[in-house]
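# Summary of the model geometry
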Amino acid sequence: MTQLAGKHIVLGLSGGVACYKSAHLCRLLTKAGATVQVVMTEAAEQFITPVTMQALSGRTVYGSQWDAREPNNMPHINLSREADAVLVAPCSADFIAKLAQGRADELLSLLCLARPIERIPLLLAPAMNREMWAHPATQRNLAQVAQDGALVLGVGVGDQACGETGDGRMLEPEELLEELQAFFAPKLLQGKRLLITAGPTFEAIDPVRGITNLSSGKMGFAIAAAAKAAGAQVTVVAGPVHLATPRGVQRINVQSAQQMLAAVQSQVDSADVFIATAAVADWRPANAAEQKLKKDGSGEVPALAFVENPDILATVAKSERAQHGALYCVGFAAESHDLLQHATAKRQRKGVPLLVGNIGPATFGQDDNALLLVDAQGHSELPRASKALLGVQLVQELARRLAAVAH
Ligand code: C5P
């Protein structure tokens, strides 16, 4: 995504074993186009060296409020004034306690206290043992820092370095990147509810075999992540795909087209926008065998008969809410040639205001894509880019069209 391009992030590390993950986070942030200034507490330096963080960020690491490299000897002022955001990851229980009390006896807490509170956001990624996390003192301190304006990003659940299992793990670097991108994204879809289908469907032949296609679900998941970051409430109905659910997105897993239709119908009444990115199988085996079909050595092959699947998009587009403009429908078309012509015809046939065309073989399973948007006004292109970026751009296009419909 582009939300971090040109942003300057102060990445603060306090003491915790999760410091090793912050090395990867630093890499992800710079790859996303941000500049990263690392500040480490003394405790953090017990877990990971400033050398590693300097190499990854490309900047010397700060660790002392007495750092004489700054001409005015005030790193706490200079570093905080330059930042678009301060992210403390990992944020230890002790560091949260310090923030709650407004203490400032080392550079990182001093910098947090000295930052202009209304201009420089402070995001915290707590990391600690589950008992420390659950302790009333920690919860009290968290409530206090949140009340003082910090954004507490929450924690993961699972195995902890101490051998215990529970709440308190730092969010994974990829999740923190997602949180930061979402934080900077303009809230173009605030209050909107989106329902998105994604991935292929799997149509059973017998209990162990079936018919599917090469759709990866990446485009639909990218749109879901971008829409969530833009403030929307998002539900994805996903066919069988191996993708992590974007943070904060509700996911319903299905296999077949019929299951996908049922899941969509259970959700669509409360949606403002329906986006059908799924590559739904056109046909399914007429009678899926209840037991595995066996090869009997006679050389005979099973005869497969097919029936047509319901068209989910066309069904939704025909509904009363869609017809009256209460539900905005977006279709996708994967074509192999004559994209504009096919996409234009498909928009008419499906009865949707916006149809997004792409070239099938150039998108299935790929990390990038190019899109052709066809609506009543004509067509426009979103040139080849990562699906993550196209998701952000499509959200912008969608927000513009929703605003136009509303007037
Ligand atoms: O007709 P075609 O499969 O090319 O249409 C593609 C569009 O229709 C996509 O948006 C796809 O998600 C949707 N579709 C659907 N149900 C089907 C077939 C396609 O929702 N059975």
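Residues numbered from 1 in each chain as written. Predicted model: local features only at pLDDT ≥ 70, side-chain atom pairs only at ≥ 80, totals over all residues. Heavy atoms only, no water.

This part takes up the side chain of Glu335. Here Glu335 lies in strand 16 (residues 328-335). By relative accessible area, which is 12% here, Glu335 ends up buried. With residues near it in sequence (within four places) discarded, Glu335 still touches His342, Lys346, Asn358, Ile359, Gly360 and Pro361. (Helix = DSSP H or I, 4+ residues; strand = E, 2+ residues; numbered from the N terminus. Buried < 20%, exposed > 50% of the residue type's maximum accessible area, 1.4 Å probe, protein only. Contact = heavy atoms within 4.5 Å.)

Structurally, the α-helix is built with 3.6 residues per turn, so residues lying three or four positions apart point the same way. In terms of burial, helix 5 (residues 107-114) is a largely internal element, six of the eight residues being buried. Among all positions of helix 5, only Leu107, Leu108, Ser109, Leu110, Leu111 and Cys112 are buried. Here the buried face of helix 5 lies against strand 1 (8-13), strand 2 (35-40), helix 3 (75-82), strand 3 (85-91), helix 4 (93-101) and strand 4 (122-126). Capping the start of helix 5, Glu106 holds a side-chain oxygen 3.0 Å from the backbone nitrogen of Leu108, two or three residues further along. (Polar contact = N/O pair within 3.5 Å; in protein donor to acceptor, adjacent residues only side chain to side chain.)

So, on to the nonpolar core. Counting residues in each nonpolar core, the largest one holds 35 residues, and the members touching the most others are Leu189, Leu194, Val234, Val236, Ile275 and Leu398. Looking at this core, the element that brings in the most residues is helix 15 (residues 387-406), giving seven residues. Discounting chain neighbours no more than four positions away, the residues touching Leu398 are Leu189, Leu194, Val273, Ile275, Tyr328 and Val330. Of all hydrophobic cores here, the second largest spans 33 residues; its members include Val36, Ile48, Ala127 and Leu171. (Core = buried A, V, L, I, M, F, W, Y, C linked by side-chain atoms within 4.5 Å.)

This part is about the site of the ligand. Neighbouring the ligand are the residues Ala276, Ala278, Val280, Pro310, Asp311, Ile312, Leu313, Gly331, Phe332, Lys346 and Lys350. A distance of 2.6 Å is found between an oxygen atom of the ligand and a backbone nitrogen or oxygen belonging to Ala276. Lys346 has a polar side-chain atom sitting 2.2 Å from an oxygen atom of the ligand. Broken down by secondary-structure element, the contributors of at least two residues to the shell around the ligand are helix 11 (312-317), strand 16 and helix 13 (339-350). For the shell around the ligand, a count of residues per class yields seven nonpolar, one polar and three charged. (Near = heavy atom within 4 Å. Nonpolar A, V, L, I, M, F, W, Y, C, P; charged D, E, K, R; others polar.)

All chains considered together, the criterion is met by 19 salt bridges. The residue Arg169 makes a salt bridge to Glu172 at a minimum N-O spacing of 2.8 Å. What makes Glu172 partly exposed here is its relative accessible area of 27%. The residue Asp368 makes a salt bridge to Arg384 at a minimum N-O spacing of 3.3 Å. Within this pair, whereas Asp368 is found in strand 18 (residues 368-375), its partner Arg384 is found in strand 19 (residues 378-386), the two being separated by 16 residues in sequence. (Salt bridge = Lys/Arg side-chain N within 4 Å of Asp/Glu carboxyl O.)

Checked against the element boundaries, His135 lands in the loop between helix 6 (130-134) and helix 7 (136-147). Along the backbone, His135 and Ile252 are 117 residues apart, and their C-alpha atoms lie at a distance of 34 Å.

Once the domains are mapped, the chain shows domain 1 (2-184) and domain 2 (193-406). Placing the centre of domain 1 and that of domain 2 at their C-alpha centroids yields a distance of 39 Å. Contacts between the two partners involve eight residues from domain 1 and, on the opposite side, five residues from domain 2. When domain 1 packs against domain 2, close to 550 Å² is buried across both sides, 52% of that on carbon and sulfur atoms. Between Arg247 and Glu175 there is a salt bridge whose closest N-O contact spans 3.9 Å. Inspection of the region where domain 1 meets domain 2 yields two residue pairs in polar contact (both at pLDDT 80 or more). Taken together, the residues that form the side of domain 1 that touches domain 2 break down as three nonpolar, two polar and three charged. (Domains from an automatic or database assignment. Buried area = accessible area lost by both parts, 1.4 Å probe.)

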